[in-house]
Amino acid sequence: MAPLPGGDPRTPDIVVGPVDLAARVDEALAVQAVAFGLSDDEIGVRRHIVLRHLLNPGALALGATTPDGRLVGFVYGMPNDRTHWWSTVVQPYLRDTGCDGWLDDSFVITELHVHPGHQARGVGRRLITTLTDAAGQPRSILSAIDTESPARGLYRTLGYADLARQVLFPSAPKPYAVMGASLPLPRRA
């Protein structure tokens, strides 16, 4: 993998490119565990979920790696399907706000995580923009914990807007917001 043109000058040594996420799932989940605060039990559950998601037609994954090949960030997603679990949970919330049409012809950002030691340097931005540039859909949707956070701030700068808030996922301790953006995502001037 070569550094992408127009990469962030704060991370010239980080390479964003295709990754065999199934082969590197444990590395990716280690990044997610540190970035998102997952327990060992949660990691075990998510491992199966990630591997199952990657089997979906159109699933795409990218990694952010250091010069020595260490994975410090990843993103993956897939074309949305209303029969997927996530869609069935968020649909009533989107219907209540008049936004359930966003579930059609959208690319879902399923996970985006960057190791805290590499956050706030443009790595997450490069991951999500590069992934959505490769998507064949005209828009993207995602869910994020419904609180003001650096992640939500990043999504807003990329054109994502709240479609529904206070979305409750079974077993999630905090409510989420569902956000959507037209593609391609805007770049900084």
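As shown above, the structure is provided for reference.
About the cut-offs
- Residues numbered from 1 in each chain as written.
- Predicted model: local features only at pLDDT ≥ 70, side-chain atom pairs only at ≥ 80, totals over all residues.
- Heavy atoms only, no water.
- Helix = DSSP H or I, 4+ residues; strand = E, 2+ residues; numbered from the N terminus.
- Rg over C-alpha atoms; globule rule 2.2 N^0.38 Å.
- Axes fitted to C-alpha atoms, helices over the stretch in contact; angles between N-to-C directions.
- Parallel < 35°, antiparallel > 145°, perpendicular 65-115°, else oblique.
- Left-handed = near helix turned anticlockwise from the far one by under 90°.
- Contact = heavy atoms within 4.5 Å.
- Nonpolar A, V, L, I, M, F, W, Y, C, P; charged D, E, K, R; others polar.
- Salt bridge = Lys/Arg side-chain N within 4 Å of Asp/Glu carboxyl O.
- Pairing = 2+ DSSP bridges.

## Brief notes about the overall build of the protein chain
Each helix and strand in the protein chain was counted, giving five helices and seven strands. Going from N to C terminus, the protein chain has its helices and strands arranged as β-α-α-β-β-α-β-α-β-α-β-β. Since a compact globule built from 189 residues should have a radius of gyration of about 16 Å, the 16 Å found for the protein chain is in line with a globular shape. With the C-alpha coordinates of the protein chain rotated into their principal frame, the extents come out at 45 × 40 × 35 Å.

## Some thoughts on the packing of helix 1 (residues 25–36) against helix 2 (residues 40–53)
Contact pair helix 1 / helix 2: the axes reach a minimum separation of 10 Å and the direction vectors enclose 130°. In terms of their interaxial angle, helix 1 and helix 2 are classed as oblique. The two elements helix 1 and helix 2 meet at a crossing, and its hand is right-handed. Contacts from Val25, Asp26, Leu29, Gln32, Ala33 and Phe36 of helix 1 reach helix 2 at Ile43, Arg46, Arg47, Val50 and Leu51. In terms of residue class, the contact of helix 1 with helix 2 is made up of seven nonpolar, one polar and three charged.

## Re unusual backbone geometry
Residue Pro184 is bonded to the preceding Leu183 through a cis peptide linkage, with omega at 0°. The residue Pro184 is located in the segment after strand 7 (176–182) in this model.

## Some words on the pattern of salt bridges
Side chains carrying opposite charge are able to pair once their charged atoms draw close together. All told, the structure shown has 10 salt bridges when counted by the stated rule. Between Arg82 and Asp104 there is a salt bridge; the shortest N-O distance is 2.8 Å. Highlighted residues: Arg82 in the loop between strand 3 (71–79) and helix 3 (85–96) and Asp104 in the loop between helix 3 and strand 4 (106–114), separated in sequence by 22 residues. Between Arg152 and Asp162 there is a salt bridge whose closest N-O contact spans 2.6 Å. Remark: Asp162 occurs in strand 6 (residues 161–167) and Arg152 occurs in helix 5 (residues 150–157); sequence separation between them is 10 residues.

## Some remarks on the sheet that holds strand 6
Strand order in this open sheet of seven strands is 1-2-3-4-5-7-6, and the pairing throughout is mixed. Of all the strands in the sheet, the pair left with one neighbour each is strand 1 (15–18) and strand 6. With direction set aside, neighbouring strand axes in the sheet form an average angle of 20°. Taken together, the four bridges between strand 1 and strand 2 (residues 60–65) define a ladder with antiparallel strand orientation.

This is a description of form; function is not addressed.
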